[in-house]
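Remarks on the overall topology
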Amino acid sequence: MRVETSQKPIVHVVDDDVSMRNALAGLFDSVGLQTETYHTANDFLSAKLTNRPGCIVLDVRLPDMNGLEFQGRLTQIGVGIPVVMMTGFGDIPMSVSAMKLGAVDFLPKPFRDQDMLDAVMAAIERDKQRRAIDNNVSQIRKRFETLTPREQEVMSHVTAGKMNKQVAGDLGISEITVKIHRGAAMHKMGARTYAELVRMADALSLDRHKIGR
C-alpha cells in the first residue's frame, strides 16, 4: 500500500556509494516512501530537514565520520530521527555499540530488500510514536504555562505526593487556598483526576524544588 503524498514519511539515505543510494531510493519508492540521499554525514547534518516522520539509513563507514560519531552529532543537535545502520564485513562490533546508543537496527551488506524494508518501517513507526509523545508534552507544557506562579507551585507540591496540609505549611498559605489553587491547576491543565495531573507533571519532569523560586 502506498502512503498518501501529504503524509509520506521520508527516508534519509546516507552513503558515499552512489549505486547504493540509487538502489535504495528505488526500493523505497516502490512502496511509496519518499527518499532524500546524501553523500556524506555532513551533507545530511547541513541539510534543512522537513518536519515529517522518517528515518535515517546510514552506512556505518563514511568518508567524514563513522556511524557512532554521526549518532553523537545527532544527539548534540537534538535530532531524534531513528537510525538504521548498514554494515560491511568487520563492522559488527561498531554496529552493536550503535544499537546501544539507540540505532533501531543494523543490516550487514549484502542484505535482502525485505529485511531493509522491515527495518525502515519499524524505524518510521518508532519516529511516529516519538513525535506523538513530543507533541503531547508540548501541549501539556503550553497548559502549564497558563498557570499562575502560585498554581504552578501548588501543582508541583501536590503531584509530589504531599497532602494539602503539608503543601500549605511548605508555602506558608492556608489549606483552603491550596485547595483553590489545586482546583484551578487541574481545570487549566485539563486533568480529570489527581492521577492524571501526576502523569502530566511527570511528563514535564517538573523540578519540584525550583518552581516558584
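Right, let's walk through the structure included here. Numbering of residues starts from 1 in every chain and runs along the sequence as written. Selection of residues for local features in this predicted model requires a pLDDT of at least 70, selection of side-chain atom pairs for listing and counting requires 80 or more, and totals for whole chains, interfaces and linings are taken over all residues. Excluded from the side-chain calculations are hydrogens and water; all other atoms, namely the structure's heavy atoms, are used.

A run of H or I in DSSP becomes a helix once it reaches four residues, and a run of E becomes a strand once it reaches two; helices and strands are each numbered from the N terminus. Each helix and strand counted, the chain has nine helices and five strands in total. Reading the chain from its N terminus to its C terminus gives the helix and strand order β-α-β-α-β-α-β-α-β-α-α-α-α-α. Across the 213 residues in the chain, those meeting the buried criterion constitute 42%. Per-residue and other accessible areas were derived by the Shrake-Rupley procedure at a 1.4 Å probe size, with only the shown protein chains allowed to occlude residues. Approximately 11,800 Å² of the chain is accessible, and the part contributed by carbon and sulfur atoms is 52%. Each residue is assigned to one of three classes by its accessible area relative to the maximum for its type, calculated with a 1.4 Å probe on protein chains only: buried under 20%, partly exposed between the two thresholds, exposed over 50%.

Axes here refer to lines fitted to C-alpha atoms; in helices the fit is confined to the stretch in contact. Angles between the N-to-C directions go from 0 to 180 degrees. The interhelical angle for the contact between helix H6 (residues 149–158) and helix H8 (residues 175–189), taken along N-to-C directions, is 95°, at an axis separation of 9 Å. If you check the angle between H6 and H8, you find them roughly perpendicular. Of the residues in H8, those in contact with Arg150, Glu151, Val154, Met155 and Val158 of H6 are Val178, His181, Arg182, Ala184, Ala185, Lys188 and Met189. Residues are sorted three ways: Asp, Glu, Lys and Arg are charged, Ala, Val, Leu, Ile, Met, Phe, Trp, Tyr, Cys and Pro are nonpolar, and all the rest, Gly among them, are polar. Per-class residue counts for the contact of H6 with H8 are seven nonpolar, one polar and four charged. Roughly parallel means an angle under 35 degrees; roughly antiparallel, over 145; roughly perpendicular, 65 to 115; everything else is oblique. Any two residues whose heavy atoms approach within 4.5 Å at even a single point are treated as in contact.

In a structure, side chains of opposite charge can pair up when their charged atoms sit close to one another. Salt bridges are defined as contacts in which a side-chain nitrogen from Lys or Arg sits within 4 Å of a carboxyl oxygen from Asp or Glu. Inspection of every chain in the model, using the stated rule, returns ten salt bridges. A salt bridge links Glu196 to Arg192, with the nearest nitrogen and oxygen atoms 3.5 Å apart. Among the residues examined, Glu196 registers a relative accessible area of 16% and is labelled buried. Take Arg192: its relative accessible area is 73%, and that puts it in the exposed class.

What follows is about the sheet that holds strand E4 (residues 83–87). Paired strands, as defined in this entry, are two strands with at least two bridges between them according to DSSP. Sheet architecture is open: five strands sit in the order E2-E1-E3-E4-E5, paired in parallel fashion. Sheet topology places strand E2 (34–38) and strand E5 (105–108) at the edges, where each strand pairs with a single neighbour. Direction aside, neighbouring strands of the sheet carry axes that sit 20° apart on average. One ladder, built from four bridges, connects E4 with E5; its direction is parallel. Bridging across to E5, Thr87 finds its partner in Pro108. Its contacts with the sheet place helix H3 (residues 67–76) against strand E3 (54–59) and E4, and it is angled at close to 150° to E3.

A few words on the pairing of E3. Most of E3 is tucked away: six of the six residues are buried. Of the two faces of E3, both are covered, the one formed by Gly54, Ile56 and Leu58 as well as the one formed by Cys55, Val57 and Asp59. Pairing geometry for strand E1 (residues 10–14) and E3, over five bridges, is parallel. Among the inter-strand pairings, His12 is bridged to a residue of E3, identified as Ile56. Alignment of E3 against E4, held across four bridges, turns out to be parallel. Along E4, the bridge assignment pairs Asp59 with Met86. The β-α-β motif built from E3, the intervening H3 and the parallel element E4 has right-handed crossover chirality. For crossovers, right-handed means that the path from the first strand over the helix to the second runs clockwise, given strands pointing away from the viewer.

For the rest of this paragraph, the subject is H3. Where H3 is concerned, the buried positions are Gly67, Phe70, Gln71 and Leu74. One face of H3 carries all of its buried residues, which in axial projection span an arc of 100°. Pointing more than 90 degrees away from the buried face of H3 are the exposed residues Thr75 and Gln76. Counting of polar contacts relies on pairs of N or O atoms within 3.5 Å, with two restrictions inside protein: one atom must be capable of donating a hydrogen and the other of accepting it, and residues adjacent in sequence are counted only when both atoms are side-chain atoms. The N-capping residue of H3, defined by a side-chain oxygen 3.0 Å from the backbone nitrogen of Leu68, is Asn66. Positive backbone phi, at 75°, marks Gly78, one or two positions downstream of H3. What the arc measures is the spread of directions leading from the helix axis to the C-beta atoms.

Everything listed is a geometric property; what it means functionally is a separate question.
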